[in-house]
Amino acid sequence: MNDIASTLALDYARDGFVFPVDILTPGEARALRDDLEAGEAALANDTTKRSLLRGYPARLLPSFYDLVRHPKMVAAATAVLGPDVMVWGSGLFIKEANTPHYVSWHQDLTYWGLNTAEEVTLWVALSPATVESGCMRFVPGTHREQIVPHTDKFGEENLLTRGQELAVEVNEADAVDVVLQPGQASVHHGHLFHASGPNTTGDRRIGAAIRYIVPSMKARSGPETEMFLVAGEDRYGHFTLVDGPKERMAEADFARVAADSARRNNILFEGAAQTRFNRR
Ligand SMILES: O=C(O)CCC(=O)C(=O)O
């Protein structure tokens, strides 16, 4: 392991997160944002496809497929998870300019239906993530908790699928603001207590949350669940490995992603009183 990787792994083991990690230059981050926004504009009248684009950009845009395989992304993911790494998801968290949307305190792995915690998120800023624009807040050391109870509140402005909130006390005084420049990433554990507030700025706040897992994991959504292998090998066959998009927003890719999304949503909303996506 090189020095950066071992520092990252040590801080991550202590705190449950590391940031900032430089991934893209500001110009590269801008180009990625422009590509996404061109896609959003082209789908302005098709909200179903636009939400698939926001939920699964690496399945639909070659530029985001390049991001999830970027050597610096893979180096950070393998520093945490070891040599064999797959991409479970690449969803975007977008807060439009001057909007009240927020993310309540939660632990990521609560409803994903994965059987272990060998998962890590690299959240890549595609616009400035500041206190004013609603950057994430992390509570150091809380990744050592197992999954604690959450309450589904379905808050109108909550970007989480069920508006789920931690049902235990959160020591907010200890929380750290995860301020990132475009192109920088934070790295966080799937049990870490985290949240984020509204965007009070005149620009969109855009983050790509790339979720990496190990191939030995199993998912309740089953072996049909589609995944990219980005490092090492898959010696388990617990998932269906797919290639990245060959072209921008191909019809065939939308169809595949829609089917995969339906499989995943069955698990995400298992037992929920409502099913709705505020995030899209
Ligand atoms: O983008 C945000 O504000 C929240 C993202 C988040 O909760 C996550 O990536 O796990």
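Refer to the structure printed above.
Residues numbered from 1 in each chain as written. Predicted model: local features only at pLDDT ≥ 70, side-chain atom pairs only at ≥ 80, totals over all residues. Heavy atoms only, no water.

Chemist: How would you sum up the overall build of the chain? Please name residues and give values.
Modeler: The secondary structure content of the chain amounts to 7 helices and 14 strands. Its C-alpha atoms give the chain a radius of gyration of 17 Å, near enough to 19 Å, the size a compact globule of 280 residues would have. C-alpha extents for the chain along the principal axes are approximately 50 × 45 × 45 Å. Counting only residues that meet the buried cut, the chain has 57% of its 280 residues in that class. Sequence separation of 24 or more characterises 82% of the internal contacts of the chain that already satisfy a separation of 6 or more. Working note: accessible area of the chain is about 11,700 Å², and carbon and sulfur atoms make up 51% of it. For the chain, the centre of its 28 positive side-chain charges and the centre of its 37 negative side-chain charges are spaced 3 Å apart. (Helix = DSSP H or I, 4+ residues; strand = E, 2+ residues; numbered from the N terminus. Rg over C-alpha atoms; globule rule 2.2 N^0.38 Å. Buried < 20%, exposed > 50% of the residue type's maximum accessible area, 1.4 Å probe, protein only. Contact = heavy atoms within 4.5 Å. Areas by Shrake-Rupley, 256 points an atom, 1.4 Å probe, with all protein chains shown as cover. Lys, Arg positive; Asp, Glu negative; His and termini not counted. Charge placed at Lys NZ, Arg CZ, Asp CG, Glu CD.)

Chemist: Describe the side chain of His188, with residues and values.
Modeler: For His188, the location among the structural elements is in strand β10 (residues 184-189). The class of His188 is buried, set by a relative accessible area of 1%. Separated by 2.7 Å, the side chains of His188 and Asp108 make a polar contact. Residues within four places of His188 in sequence aside, it is in contact with Tyr12, Gly16, Phe17, Asp108, Val120, Thr121, Met136, Phe138, His194 and Arg211. (Polar contact = N/O pair within 3.5 Å; in protein donor to acceptor, adjacent residues only side chain to side chain.)

Chemist: Help me get a handle on the site of the ligand, residues and values and all.
Modeler: Neighbouring the ligand are 13 residues, the closest being Asp108, Trp123, His194, Ser196 and Arg205. Contacts to the ligand include Asp108, whose side-chain N or O atom sits 2.8 Å from an oxygen atom. Within the side chain of His188, an N or O atom sits 3.2 Å from an oxygen atom of the ligand. In isolation the ligand exposes 290 Å². Once the protein is present, 100% of that is buried. For the shell around the ligand, the secondary-structure elements that each account for two or more residues are β3 (92-95), β4 (103-106), β11 (194-196) and β12 (205-213). Classifying every residue of the shell around the ligand by side-chain character gives 5 nonpolar, 4 polar and 4 charged. (Near = heavy atom within 4 Å. Nonpolar A, V, L, I, M, F, W, Y, C, P; charged D, E, K, R; others polar.)

Chemist: Any chance you could break down the sheet that holds strand β9 (residues 176-177) for me, citing the residues and the numbers?
Modeler: The 4 strands lie next to each other as β4-β11-β6-β9, forming an open sheet whose pairing is antiparallel. In the strand order of this sheet, the two ends are held by β4 and β9, each with one partner. Judged from the 2 bridges that link them, β4 and β11 form a sheet pairing that is antiparallel. Within β11, the position partnered with Val103 by the bridge is Ser196. (Pairing = 2+ DSSP bridges.)

Chemist: Can you explain helix α2 (residues 26-42)? Please cite residues and give values.
Modeler: Given a rise of 1.5 Å per residue, 17 residues ought to cover 24 Å, and the 24 Å separating the end C-alpha atoms of α2 matches this to within 8%. The secondary structure elements touched by the buried residues of α2 are α3 (47-55), α5 (62-68), β3, β5 (119-125) and β12. (Expected span 1.5 Å × (residues − 1).)

Chemist: Give a detailed account of the side chain of His189, specifying residues and quantitative values.
Modeler: Of note, His189 is situated in strand β10. Here the side chain of His189 touches His191 through a polar contact of 2.9 Å, landing on its backbone nitrogen. Ignoring any residue separated from it by four or fewer positions in sequence, one finds His189 in contact with Tyr12, Gly16, Ala117, Glu119 and His143.

Chemist: A description of the environment of Val148 should follow, citing residues and the corresponding values.
Modeler: In this structure, Val148 sits in the loop between β6 (136-138) and β7 (150-152). Distance from Val148 to Gln107, taken between C-alpha atoms, is 8.1 Å for residues 41 residues apart in sequence. When neighbours within four sequence positions are excluded, Val148 is seen to be in contact with Gln107, Leu166, Val168 and Phe193.

Purely spatial values, then, with no claim about function.
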